[in-house]
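# Inside the fold
If you want the building blocks of each chain, they are given just below.
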Amino acid sequence: SELTHMVKSDCRPSKNRRYFLKMDENQQEELEVLQSIYEGDENFKELSPTVFQYKVGDDGDLHSFLLEISWPQDYPESLPDLNLKAFYNKHLLQSVKDEILSQMKEQAECNLGMAMTFTLIEYAKENVDSLTAGQANVKLQQQTEASYKNADPAPKKEKKEQLTKAQKRRMFDRFGTQEEKPRGWDWVDVVKHLSKTGQAVDS
């Protein structure tokens, strides 16, 4: 019957509804606030009612990173789980990741017992340069390598000259010998040739 169908439907709530059933009133209120604040912000992503990602910085910037924040069941009385496991963060040095998570955890501990997801995201946005200061060395190294590749390296020219000489040598040594020829080694043949043609040979 229709009533039976409704009861069965109620017994099988949607995924989001199951999350809401586990969330307390404070969590639901914070979720609604986050959805309102970050509506239209492409950097903010709600993976579930208790898991969020925020991309700090611009794509292609060595200082950018994707922060994931997960709420445990008793959040905010316990700390949220913070991680940088997203593939987007593959360019970050491990030491930089450790520093980001360390500073973010300190901020979370300062706000324990209060809604803190917005605070954590904004802290990361405002302090992205200091959080990722260790990436400066990577950027400098990449710039140096790029400059070296774009420069006109003299060794290439020298290498080309060496190859040209080698080609000339192979053409000169067409008889296949690698031994050095003494100066004037072919004068005997030249004299014989000139004798036959009747041309004079200067002494």
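The preceding data block contains the structure.
Here the structure is a predicted model, which means the values were calculated and not measured. (Residues numbered from 1 in each chain as written. Predicted model: local features only at pLDDT ≥ 70, side-chain atom pairs only at ≥ 80, totals over all residues. Heavy atoms only, no water.)

### Side note on the nonpolar core
- Grouped together as the largest cluster of nonpolar side chains are 27 residues, with contacts concentrated most on Phe65, Trp71, Ile100 and Met104.
- Mapped onto this core, the elements with two or more residues apiece are helix 3 (25–37), strand 2 (51–56), strand 3 (65–70), helix 4 (94–110), helix 5 (117–126) and helix 6 (128–131).
- Among residues more than four places away in sequence, those in contact with tryptophan 71 are Met23, Gln27, Glu30, Leu31, Leu34, Pro49, Thr50, Phe52, Pro80 and Thr117. (Core = buried A, V, L, I, M, F, W, Y, C linked by side-chain atoms within 4.5 Å. Buried < 20%, exposed > 50% of the residue type's maximum accessible area, 1.4 Å probe, protein only. Helix = DSSP H or I, 4+ residues; strand = E, 2+ residues; numbered from the N terminus. Contact = heavy atoms within 4.5 Å.)

### Digging into unusual backbone geometry
- Cis geometry is adopted by the peptide bond preceding proline 76, which originates at tyrosine 75 and carries an omega value of 5°.
- Position of proline 76 relative to the elements: it lies in the loop between strand 3 and strand 4 (81–83).

### Observations concerning the sheet that holds strand 2
- Spatially, the four strands line up as an open sheet ordered 1-2-3-4, and their pairing is antiparallel. Looking along the sheet, the strands with just one partner apiece sit at the ends: strand 1 (44–48) and strand 4. Strand after strand, the sheet turns through a mean of 20° between neighbouring axes, direction not considered.
- With six bridges connecting them, strand 2 and strand 3 associate as antiparallel partners. Across the sheet, valine 56 pairs through a bridge with phenylalanine 65, a residue of strand 3.
- With respect to the sheet, helix 5 is in contact with strand 1, strand 2, strand 3 and strand 4, its orientation differing from that of strand 2 by roughly 20°. (Pairing = 2+ DSSP bridges. Axes fitted to C-alpha atoms, helices over the stretch in contact; angles between N-to-C directions.)

### Side note on a nonpolar patch on the surface
- Residues Val33, Ile37 and Phe118 make up a contiguous nonpolar surface patch of roughly 240 Å² in combined accessible area.
- Within the secondary structure layout, phenylalanine 118 lies in helix 5. (Patch = residues over 30% accessible without salt bridge, like charges linked within 9 Å, V, L, I, M, F, W, Y side chains within 5 Å. Areas by Shrake-Rupley, 256 points an atom, 1.4 Å probe, with all protein chains shown as cover. Salt bridge = Lys/Arg side-chain N within 4 Å of Asp/Glu carboxyl O.)

### So, the pattern of salt bridges
- Within this structure, the stated rule accounts for two salt bridges.
- Taking the shortest distance from any N to any O, the salt bridge between lysine 55 and aspartate 59 comes out at 3.0 Å.
- On the basis of relative accessibility, which here comes to 55%, the residue aspartate 59 falls in the exposed class.
- The shortest N-O distance in the salt bridge between glutamate 122 and lysine 125 comes to 3.2 Å. Of the two residues, glutamate 122 and lysine 125 are both situated in helix 5; the distance of three residues between them amounts to about one turn of the helix.
- By relative accessible area, which is 33% here, lysine 125 ends up partly exposed.

### Brief notes about the packing of helix 4 against helix 5
- Helix 5 packs onto helix 4 with a crossing angle of 140° between their chain directions and a minimal axis gap of 10 Å. Between helix 4 and helix 5, the angle is such that the two are oblique. Helix 4 and helix 5 meet at a crossing whose hand is right-handed. Residues Gln103, Met104, Gln107 and Ala108 of helix 4 touch helix 5, and the partners they reach there are Leu120, Tyr123 and Ala124.
- Residue composition of the contact of helix 4 with helix 5, grouped by class: five nonpolar, two polar and no charged. (Parallel < 35°, antiparallel > 145°, perpendicular 65-115°, else oblique. Left-handed = near helix turned anticlockwise from the far one by under 90°. Nonpolar A, V, L, I, M, F, W, Y, C, P; charged D, E, K, R; others polar.)

### Regarding the pairing of strand 2
- For strand 2, the tally of buried residues reaches six of six residues, placing the bulk of the element in the interior.
- Judged by which residues are buried, strand 2 turns out to be covered on both faces: Val51, Gln53 and Lys55 on one side and Phe52, Tyr54 and Val56 on the other are all buried.
- Here strand 1 pairs with strand 2 via four bridges, running antiparallel. Within strand 2, the residue paired with glutamate 46 across the bridge is phenylalanine 52.
- The hairpin turn running from strand 1 into strand 2, its antiparallel successor, is two residues long.

### Considerations on the packing of aromatic side chains
- Taken as a whole and assessed by the stated rule, the structure comprises six aromatic pairs.
- The interplanar angle of 15° and the centroid separation of 4.8 Å between the aromatic rings of tyrosine 38 and phenylalanine 44 together place this pair among those described as stacked. Both residues of the pair, tyrosine 38 and phenylalanine 44, belong to the buried class.
- Members of the aromatic cluster, connected to one another through ring pairs, are Tyr38, Phe44, Phe52, Tyr54, Trp71, Tyr75 and Phe118. (Phe/Tyr/Trp six-rings, centres within 6.5 Å; stacked < 30°, edge-to-face > 60°.)

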